[in-house]
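# Coordinate inspection notes
What follows is the residue order along each chain.
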Amino acid sequence: MADRSPPVLLEACVVLGASRDKLCEVSQAINTNGSPDRLLLEPEVLHVLAPPFVGRSPADGAAVRSRGRRRRSFLRRKREQPPSAVATSPQACGSEDLSVPKDIDLMALPQLCFPGGLRVTNEQKDEQFHFLVFTDVFGNKTHGVVMQCYRPILEGMTVLKSLKFPRLFSAYSFCVISKYPYFTALKDCLSCLSITLRSCLLSDMEARVKEFATKLALVPIPPPGQLHLMFTLCPLTIVLPAREDKDHPTIDLDLHLPFFCFRPEQLLQGLSCLLQERRVVLFSADWARLTLVAESLLLFLQPLSWQQPYVPVLARSMLDFVMAPTAFLMGCHLSHFKEVATETDDLVLINIDNGSVSTSCSETLDLPEIPAAAADCFTQRCRTLQIHFDLHQCPHASCTGVSEQRAKRRAWQHDLNLDIQRITLELMVNVFRDVSSHLNYEHRVFNSEEFLKSRQPSEQLFYKQVLETHIFHLFLKDRLNKKIDDFARLEHSTRSEMQRMKAVVEVLRRPTVQEIQARRKSSSMGTRVSTRRGISLPDLGDDHTTGFKRNPTLTGIIASDHGGTSKPRSSRNVWKRPSVSPYIFSLPPGVLAPGNPPEPATLFKLPDFPASLSFNSIQSYYRELIRLLGKAIFSVQNENPALLARFYYLRGFISTLCWRRLDALGDFQNLYRTDTAIFPTQLVTRLVDSLHREERQQADRQPELKRFILKVRTENEKPSAQPDDRVKKFKLPQKRLHQEEFVRCVQECGIVKDVATIHRLFDALTDDTPISVPGQPKQVVPELFRVFYTLWKATEAEAQDYNLPPEVIDHLDNSECVYKVSLCVKTSLGVGKIAMTQKRLILLTVGPQGFLEITKFRDIQEVKIASASFLLLRIPSLHIKTCGSVKVFEANLKTETELWNLVVREMWAGRNMAHQHKDPQYMTEALTNVLLMDAVTGCLQTPRSISAASKLAYFDQIKHEVPMMVPKMTSETLKHKINPSQDLAEPQTVRALLYTPGQLTSCDSKSEMNPKLWVALAGGKVVVFDAASWSMQQYCIQVGASEL
């Protein structure tokens, strides 16, 4: 939006009120009938003032005349027509003569500027403000700030001055409309205008308002970043804060206002209703509160973006809008509360004035609530907010001037807004953290059923409602597009090491020893009955199966010894990211996002507005602004590239307004070299297209500028790449699957990504499948796939409830996971269950000892099936020979013997491959093969199931083939092998490598400070490795389709 329209503060300024003829009639009627008794009038548009307010240079005069006639005052336009024609003609407000901005609906504006009606009173009232938001059919927003003030209705009426009329006052509204939500700044501007209007006559009002609008049209909008603009509009100094980046909205309002109106519990109820896309109506006796609270609530949902109808202020004549059948967010005056609640069902009614949330059917709210753990964290964090400026100011010196007071208040509000944004972002991350674990990025699939199963029973209804909303659908698009926003950064920075590994490497979901210890610790604070039944473990004494309770002590919440919240302390002493994988987290006060804190903002003061607003005066103003920007550019030339880019942006835009096109292109060229994130592509394209012949010839004589113009044109001619907005929900197949369809289904459900592995799985499942038509390729029937998928997910779910005894955990590494457990069998070491981790085989014995290590995979020498005598029978048993041990381990696994033989041999072969090639990914692939074997034998249940499963023993098969030879020098020097294609469906060619050194000696060294290895793959993909730990830091950045 900002890139298409000139980035200036003012879109239009509209004056509304009753016409002079109507006021004259009212005065005569009141003189005849008596007191006005709060007489209501029909408001009309009196003036529409929209830029540009001055003519152009003579060189461009012909072009302007060819495009249309000069703007005229809306009031003079009305005087040329009968009053009835102006009031009833829908074309009057949008004629070409007026050049009214197309996004402004002048027909509805009078009602919104006088939502309570235009009243005639016998006493003058103070100015009142309220705020408007207009949304078009494409979701683009325009913002308005309205000031109502009262003027004597007989002022300037010479015919009626001699009559003894009572002194009456009528309301006028001054609405400043902007594309940008600068609510506080525009309110300050209108406050300055009110001082001017108090001393002027009604006949001079249009000139004063035009002068006011012309000044606002000279104010540019700061580009995204840390450069804020400041200008003086007597008597106030006004600041326009810049948004953080293109993905962040501009915030120029007090985000703590809802905390004055609601307790945290009620705020959570309101946010829950918005997340579920309910029909929500706000009520207040103060029109100004409606928009400010509504805007704050929508900002609290970031990064989720409200896309439903949004009308924060409804006039009396618009109350039928609440009958709309779709979800919406609207605002009404408190006097309409009973009427709206009675006439319409299934509404959520939020009373801002008393802080209550109810429904139109009940005085209470009976809707699914935000999950308790996330809600508790939010509630505790809200209690740490310092939302009273006077309390903050108590220990500080008193301000000696208005400007100093406003500057301190502005700095305090900025910090408070950051704290509130941080807390609400934490809430959204805590609510939607696990969504990414159920996404398949390649096929753009969200497995909603598995996500719901992973939720607590008390939370499932809330998530079931949210998952069906449009707001969540857009959130899924951003996640599938791997958008790097505050949500992604905060979610990534608070992951445990295991979660990070699972995010970039294909790791099967099994709880580590560390996670088991964490849930056991949490269960001591309140045991929760597990929602699943775990696998049967031997009776090892007093050991009960418990689920993973969401432990508030792992969240980092600042809590006192008595369970309340304590004072916020410095982040250095309060908070450390837990090493376990917590569900709920909390950052320390003052920390908005991971990484370094935001840089302090720089204020750039615009020149004083010219006394005369003629063409020459405005051009002089622009020249002075360009001079100041040039001075600022020189001062930061070699110090601050980010600030330098913003100064180039502003100077280029101001030069465009002065028709200094070549100078503007030079600045935009420097901007393109410095920071492409804020490069205004469409504005520069229009600038290039508007060059005159002489200007094109001058540009051709400057080689660098000529190349830049050619680049702009070339980029503009390229077809824009449309983002992939597909979001599919995973569904089990309903028809027979050929091999290609089988690959897609397996990848979509997240079992495995590697195409070669899936092909082997397809061969295993179709090993004993008869071919219905000779010559036709084999197929997997839907029922077999459903059984396989169900068994795979059931095994995965059961693994979450593995509850190893403490004596077992003490002998295992923190990163070890139990992947397979046998039935209770007789072994040469005693009776118990054989358990397999990624490193070793252990025996869970029946008795006081509880744990015996059988062998590590690296120490195995031989694995075979032998027969053991039992009475007159020969029973097959598994024999494992270990290095350094004379005794051979023997286990009578009965019907499981052949499967365990395959499993152990595959893990042994995978471990040898990982050691030979210095690549631990081989062990991960071997684990995947083992679990696939287990699932195949479980779902086939035929005599040939072991033969089918053996097709998946890939590493055991290739170890007998000629191994890939590693040169001796490489073998001796190789410490760690990385695989850039490890999470891709097929291996990719490496096109280029880039090593960037880090700052390992920095005192605040973190992973961001480590050296990095950037790997460019085929198809425009880039993978980033941390060159200190050689772990994948950023997976598959898509930088285009071209080869790097």
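Look up: the structure comes first, before these words.
The structure reproduced in this document is the subject of the present report. Everything numeric in this text was worked out from a predicted model, so none of it was measured.

## Focus on the overall build of the protein
What the protein contains, in helices and strands, is 36 helices and 29 strands. Scored against the burial criterion, the 1044 residues of the protein give a buried share of 51%. Restricting to contacts in the protein with at least 6 residues of sequence separation, those with at least 24 account for 65%. Accessible surface computed for the protein: about 50,500 Å², of which carbon and sulfur atoms make up 52%.

## Things to note about the packing of helix H32 (residues 897-917) against helix H33 (residues 921-940)
Taken N-terminus to C-terminus, the directions of H32 and H33 make an angle of 165°; their axes are 8 Å apart at the nearest point. Classed by the angle they form, the pair H32 and H33 counts as roughly antiparallel. By crossing handedness, the relation of H32 to H33 is classed as right-handed. From H32, Leu-899, Leu-902, Val-903, Glu-906, Met-907, Gly-910, Arg-911, Met-913, Ala-914 and His-917 reach across to H33, where they touch Tyr-922, Met-923, Ala-926, Leu-927, Asn-929, Val-930, Met-933, Asp-934 and Thr-937. Looking at the contact of H32 with H33, its residues break down into 12 nonpolar, 4 polar and 3 charged.

## Let's talk about the nonpolar core
Formed by 196 residues in total, the largest nonpolar core has its most connected members in Leu-109, Phe-174, Phe-231, Ile-370 and Phe-432. Leu-109 has contacts with Val-14, Leu-16, Leu-132, Phe-134, Cys-175 and Ile-177, leaving out every residue within four places of it along the chain. If you look at the next biggest cluster of nonpolar residues, it comprises 68 residues, including Tyr-789, Leu-852, Met-913 and Ala-926.

## With respect to the sheet that holds strand E8 (residues 227-233)
Picture the strands of a sheet paired through backbone hydrogen bonds; they go either parallel or antiparallel. Reading across from one edge, E9-E8-E17 is the order of the 3 strands in this open sheet, with mixed pairing throughout. At either margin of the open sheet sits one strand with a lone partner, and together these are strand E9 (236-240) and strand E17 (602-605). Within the sheet, the average angular offset between the axes of one strand and its neighbour, ignoring direction, is 30°.

## Regarding the packing of aromatic side chains
Using the criterion set out here, one finds 26 aromatic pairs in the structure. An angle of 55° between the planes, with centres 5.9 Å apart, marks the rings of Tyr-621 and Tyr-622 as tilted. For the pair formed by Tyr-621 and Tyr-622, the shared burial category is buried. In textbook terms, an aromatic cluster arises when at least three aromatic residues are bridged by ring pairs, as seen for Phe-432, Phe-446, Phe-451, Phe-462, Tyr-463, Phe-472, Phe-475 and Phe-487. Over the ring of Tyr-441 we find Lys-482; its NZ or CZ atom is 5.0 Å from the centre of that ring. Its end group placed over the ring of Tyr-954, Arg-760 keeps NZ or CZ at 4.1 Å from the ring centre.

## A short note on the sheet that holds strand E14 (residues 356-359)
Strand order in this open sheet of 5 strands is E11-E12-E10-E13-E14, and the pairing throughout is mixed. The strands lining the two open edges of the sheet, one partner per strand, are strand E11 (310-311) and E14.

## Concerning the environment of Tyr-672
Structurally, Tyr-672 can be placed in helix H24 (residues 661-674). Sequence spacing of Tyr-672 and Tyr-648 is 24 residues, and the spatial spacing of their C-alpha atoms is 9.5 Å. The residues touching Tyr-672, leaving out its near neighbours within four places in the chain, are Phe-679, Phe-708 and Lys-711.

## Some remarks on the side chain of Arg-444
Its place among the elements puts Arg-444 in the loop between strand E15 (439-440) and strand E16 (445-446). With a relative accessible area of 5%, Arg-444 lands in the buried category. A polar atom in the side chain of Arg-444 sits 2.9 Å from the side chain of Asn-481. Every residue in contact with Arg-444, bar those within four places of it in the chain, is listed here: Lys-477, Leu-480, Asn-481, Asp-724, Asp-725, Arg-726, Val-727 and Lys-728.

## Re helix H6 (residues 183-198)
Over its 16 residues, H6 runs 23 Å from end to end, which matches the ideal 22 Å to within 8%, given 1.5 Å per residue. Turning to H6, its buried residues are Phe-183, Ala-185, Leu-186, Asp-188, Cys-189, Leu-190, Cys-192, Leu-193, Ser-194 and Leu-197.

## Quick notes on the environment of Glu-363
With respect to the helices and strands, Glu-363 occurs in the loop between E14 and helix H12 (372-382). Since its relative accessible area comes to 76%, Glu-363 is described here as exposed. Sequence separation of Glu-363 and Leu-349 is 14 residues, and the distance between their C-alpha atoms is 9.2 Å. Residues within four places of Glu-363 in sequence aside, it is in contact with Val-357 and Ser-358.

## With respect to the side chain of Asn-351
Note that Asn-351 resides in strand E13 (residues 348-351). Setting aside residues up to four positions removed in sequence, Asn-351 forms contacts with Phe-262, Phe-283, Leu-334 and Ser-356.

## Examining the pattern of salt bridges
Where charged atoms from two side chains of opposite charge approach closely, those side chains can pair. One pass over the full model with this rule turns up 37 salt bridges. Across the pair Arg-840 and Glu-853 runs a salt bridge whose closest N-O atoms are separated by 2.8 Å. You can see Arg-840 sitting in strand E21 (residues 840-845) and its partner Glu-853 sitting in strand E22 (residues 851-856), a full 13 residues away along the chain. Classification of Arg-840 by relative accessible area gives buried; the value is 5%.

## A few points about helix H22 (residues 615-635)
Taking 1.5 Å per residue, 21 residues should reach 30 Å; H22 reaches 31 Å between its end C-alpha atoms and fits that length. Where H22 is buried, its residues contact helix H7 (205-217), E17 and helix H23 (641-657).

## Remarks on the environment of Leu-193
By secondary structure assignment, the location of Leu-193 is in helix H6. Residue classification places Leu-193 among the buried positions, given a relative accessible area of 3%. Leu-193 sits 41 residues away from Cys-234 along the chain, and the two C-alpha atoms are 8.9 Å apart.

## Overview of unusual backbone geometry
The omega torsion of the bond from Pro-51 to Pro-52 falls at 0°, within 30 degrees of zero and hence cis. In this fold, Pro-52 is placed in the loop between strand E3 (44-49) and helix H2 (61-67). Going from Gln-302 to Pro-303, the amide bond is cis rather than trans, its omega being 15°. Mapping Pro-303 onto the fold places it in the loop between helix H10 (287-300) and E11.

## Some words on the pairing of strand E4 (residues 118-121)
Consecutive side chains of a regular strand alternate in pointing toward one face of the sheet and then the other. Relative to E4, strand E2 (residues 39-41) runs antiparallel, the two being bridged by 3 bridges. Across the sheet, the residue bridging to Leu-39 is Val-120, located in E4.

## Some remarks on the state of the cysteines
Going through the model one piece at a time under the given rule, you end up with 0 disulfides. Of the cysteine sulfurs around Cys-149, a residue in no disulfide, the closest is that of Cys-200, at 9.0 Å. Cysteine Cys-382 remains unbridged, with the sulfur of Cys-377 as its closest cysteine sulfur at 9.3 Å.

What counts and what doesn't
- Residues numbered from 1 in each chain as written.
- Predicted model: local features only at pLDDT ≥ 70, side-chain atom pairs only at ≥ 80, totals over all residues.
- Heavy atoms only, no water.
- Helix = DSSP H or I, 4+ residues; strand = E, 2+ residues; numbered from the N terminus.
- Buried < 20%, exposed > 50% of the residue type's maximum accessible area, 1.4 Å probe, protein only.
- Contact = heavy atoms within 4.5 Å.
- Areas by Shrake-Rupley, 256 points an atom, 1.4 Å probe, with all protein chains shown as cover.
- Axes fitted to C-alpha atoms, helices over the stretch in contact; angles between N-to-C directions.
- Parallel < 35°, antiparallel > 145°, perpendicular 65-115°, else oblique.
- Left-handed = near helix turned anticlockwise from the far one by under 90°.
- Nonpolar A, V, L, I, M, F, W, Y, C, P; charged D, E, K, R; others polar.
- Core = buried A, V, L, I, M, F, W, Y, C linked by side-chain atoms within 4.5 Å.
- Pairing = 2+ DSSP bridges.
- Phe/Tyr/Trp six-rings, centres within 6.5 Å; stacked < 30°, edge-to-face > 60°.
- Lys NZ or Arg CZ within 6 Å of the ring centre and 35° of its normal.
- Polar contact = N/O pair within 3.5 Å; in protein donor to acceptor, adjacent residues only side chain to side chain.
- Expected span 1.5 Å × (residues − 1).
- Salt bridge = Lys/Arg side-chain N within 4 Å of Asp/Glu carboxyl O.
- Disulfide = S-S within 2.5 Å.

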